[in-house]
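One-letter residues, chain by chain:
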Amino acid sequence: MAFIGGLLSDEQFQCSICLDIFNNPSSTPCGHSFCVSCINQYWDGAKVCQCPLCKRTFQKRPDLQINRTLREITEQFRSMSGGGTVGGSVAKKGGKGRDRAMPNELIDELTSKLLRPHANVPATSEEQDGGMASSVPVQSPISEAMAAGGPPHVPPRVPESSGRRRFTVSGAANSHNIPLCDVHNRGIMVFCRTDGECICPNCEVETHSDHDTVTVEAAWTEKQAQLKQTEQQTKEMIQQRLLKIEEIRTSVSELELVVEQATTGSVCMFSALMAAIERAQEELVNVMEVNRRAAESQAAALIRQLELEVEELRRRESVVAQLSAEEDHLQGVKNFATVPAPPPTKDWSGVSVSNDLGISGIYRSLAGEVEKFQEQLRIVTETGFTASSLETNPARPQPRMRSVQEYAVDVTLDCNTAHPRLLLSEDMKSVRCSDRHLLLPDNSERFDRVVCVLGREAISFGRHYWEVQVGGKTDWDLGVAKQSINRKGKIEVTPNNGYWFLSLRDKNKYAFRTEPSTDVHLNLRPNKIGIFVDFERGQVSFYNVDAKVHIYTFNDTFAECIFPFFSPCTNRSGKNDGPLVITPVDVSE
């Protein structure tokens, strides 16, 4: 019969959540019907229960029951359609345009079951898909057809594009927003905690009925909470590792300080011992030389005195011998009175040259230094090097060696400023003093009285560092000087006159040319001097490079360019003949 095609359609038996034919349908208090499992899963985990279609809110979650009448109609519809296919009509079944006749008794049954009990109740605005309120009574399609005296007729379907909405567990959607189960062709909206997989409602009923299941939305909410916890734990682990990195870096910095202290302390100890040994050795040599000369002088005096006595005794011996040979007795008696009297008697048995070198006191002093060194070794062995145990210069600590060495610059000597007695190397890296003046032009830049030379590189900004080998020299001057200094005649080398440098005189007398001069006692005799200049801060600092010890810092204001300053001093008849050498800076130390 042709009216079947217009009477029944799959959308009349389709759940708006899973987009499939009703499976155990249940109606909400607002009158809309859904699969009981779909609507329950839609409400699981929700704070407020709401109808997916009309969005009506229920203060208390409704206690849903299966609508048995609608379930029976749905089952009959499914049996008539041969299982039914979503999106197709059941009116056409069979082959080559033949219509299957619907029994009259089935039509009567469907007509009675499709009559709504509240057909005359006006529909609310939410029940109208168009969203407009209406007071027209709502009647089922079959009742409308029966009232007109004709066969039941269902109004034509409204295409989905005209405004009809589909709803999923998460709200309004279309069939493309939810993946379908490969077995049942239903939306996958359930998560099985037991098996850890996403399934459709049919799978839940058939194979997961006794498993722990929740909606995918609820499962994702749980997973998000777990992810947040994992994210927080990961952040904490990252923070812990960042703190550990900072701790390790701090440990490295502390280790550098410990190494610096240990190096300084070791150099202090061994330098003090070696200095004591050198002093003792030098004193021993001097004392033994003095004693040797004194013994030689004493021996010469004794020998001269003995030689005079021997000469006198030999004259007396000669007279006695002549008298003894006299044969004339009378003459012998007369001449006996002429025999010279013997010289004063002196006991030479206890006279000798002393072999006492007078060095026992030196050895005792050296032994005291060795005992002091041993005591220091004992303390260091027990407690290590501490700031209080180091006998270093009490000047305020400045930036450590490694930090200032980062500002190393290439410094060369300016031959146009060198005093005529100075000899410069070909690479302009070393200078020494000769015995005679060289024939050089007397230009305005050249020093004519002070035995010194300036560096070629001007310093007008920033930080600069260089190192100079002083070796075994007995005298030298190192530092900086401003560009406008007086270079002719006698010069007062003080900061007020534009000179900032450290001086050594007589091998162990260190001083800074301030007003008055500032003497400084260095336990460690430096072999290499480091000079650091911070132009903006007005600082000139000096370091013992080998011991990594700060010596002194000038604080002043530089109003013009300054230049590195070098003076090997006079050679003092060869005693101070060694050169000053600008050496490369080894930052890796």
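Calculation criteria
Residues numbered from 1 in each chain as written. Predicted model: local features only at pLDDT ≥ 70, side-chain atom pairs only at ≥ 80, totals over all residues. Heavy atoms only, no water. Buried < 20%, exposed > 50% of the residue type's maximum accessible area, 1.4 Å probe, protein only. Helix = DSSP H or I, 4+ residues; strand = E, 2+ residues; numbered from the N terminus. Pairing = 2+ DSSP bridges. Axes fitted to C-alpha atoms, helices over the stretch in contact; angles between N-to-C directions. Parallel < 35°, antiparallel > 145°, perpendicular 65-115°, else oblique. Contact = heavy atoms within 4.5 Å. Nonpolar A, V, L, I, M, F, W, Y, C, P; charged D, E, K, R; others polar. Phe/Tyr/Trp six-rings, centres within 6.5 Å; stacked < 30°, edge-to-face > 60°. Core = buried A, V, L, I, M, F, W, Y, C linked by side-chain atoms within 4.5 Å. pLDDT = per-residue confidence, 0-100.

A. How the structure looks around the pairing of strand E19 (residues 539-544). Within E19, six of the six residues are buried, which leaves it mostly tucked inside the rest of the structure. By the alternation rule, side chains of E19 split into Gln 539, Ser 541 and Tyr 543 and Val 540, Phe 542 and Asn 544, which are all buried. Looking at chain direction, strand E18 (residues 528-534) and E19 are connected through six bridges and run antiparallel. From the neighbouring strand, Gly 530 faces E19, where its bridge partner is Tyr 543. Counting the residues between successive antiparallel strands, the hairpin from E18 to E19 contains four residues, one of them, Gly 538, with a positive phi of roughly 70°.

B. View of the packing of helix H7 (residues 216-324) against helix H9 (residues 360-383). Relative orientation of the contacting elements H7 and H9 amounts to 170°, with a least axis distance of 10 Å. When the interaxial angle is binned, H7 and H9 end up roughly antiparallel. Together, Met 269, Phe 270, Leu 273, Ala 276, Ile 277, Arg 279, Ala 280, Glu 283, Leu 284 and Val 287 of H7 and Ile 362, Tyr 363, Leu 366, Glu 369, Val 370, Phe 373, Gln 376, Leu 377 and Val 380 of H9 make up the contact between the two elements. In terms of residue class, the contact of H7 with H9 is built from 15 nonpolar, one polar and three charged.

C. Fine view of the packing of aromatic side chains. Evaluation of the coordinates by the stated rule reveals 14 aromatic pairs. Chaining the aromatic ring pairs together yields one cluster made of Phe 512, Phe 542, Tyr 552 and Phe 554.

D. Main features of helix H2 (residues 36-43). Counted residue by residue, H2 has seven buried out of eight residues, so it is predominantly covered. Those residues of H2 not exposed but buried are Val 36, Ser 37, Cys 38, Ile 39, Gln 41, Tyr 42 and Trp 43. Following H2 by one or two positions, Gly 45 adopts a phi angle in the positive range, close to 85°.

E. Layout of the nonpolar core. Counting 36 residues, the largest nonpolar core has Trp 466, Trp 476, Ile 529, Val 533, Val 540, Phe 542 and Phe 566 as the members making the most contacts within it. For Trp 476, the contacting residues outside a window of four places in its chain are Val 470, Leu 502, Ser 503, Leu 504, Arg 505, Tyr 510, Ile 529, Ser 567, Pro 568, Cys 569 and Leu 580. Membership of the second largest hydrophobic core comes to 24 residues, among which are Phe 22, Phe 77, Ile 178 and Met 189.

F. Here's a closer look at the sheet that holds strand E15 (residues 499-505). One open sheet accounts for six strands, arranged E12-E21-E14-E15-E16-E17; its pairing is antiparallel. The open sheet has two edge strands with one neighbour each: strand E12 (453-454) and strand E17 (518-520). As paired strands, E15 and strand E16 (residues 509-512) are joined by four bridges and run antiparallel to one another. Within E16, the residue paired with Ser 503 across the bridge is Ala 511.

G. Region of interest: the confidence of the model for the protein. Mean pLDDT over the protein works out to 77, with 79% of the residues at or above the 70 mark. Looking at the elements of the protein, mean pLDDT is at its lowest for strand E6 (residues 171-173), recorded as 39, and at its highest for strand E21 (residues 562-567), recorded as 95. Considering only residues more than four positions removed or in separate chains, one finds that residues 1-6, a stretch of pLDDT under 50, has 16 contacts. Contacts for the low-pLDDT stretch residues 113-176, under 50 throughout, to residues beyond four places or in other chains number 95 contacts.

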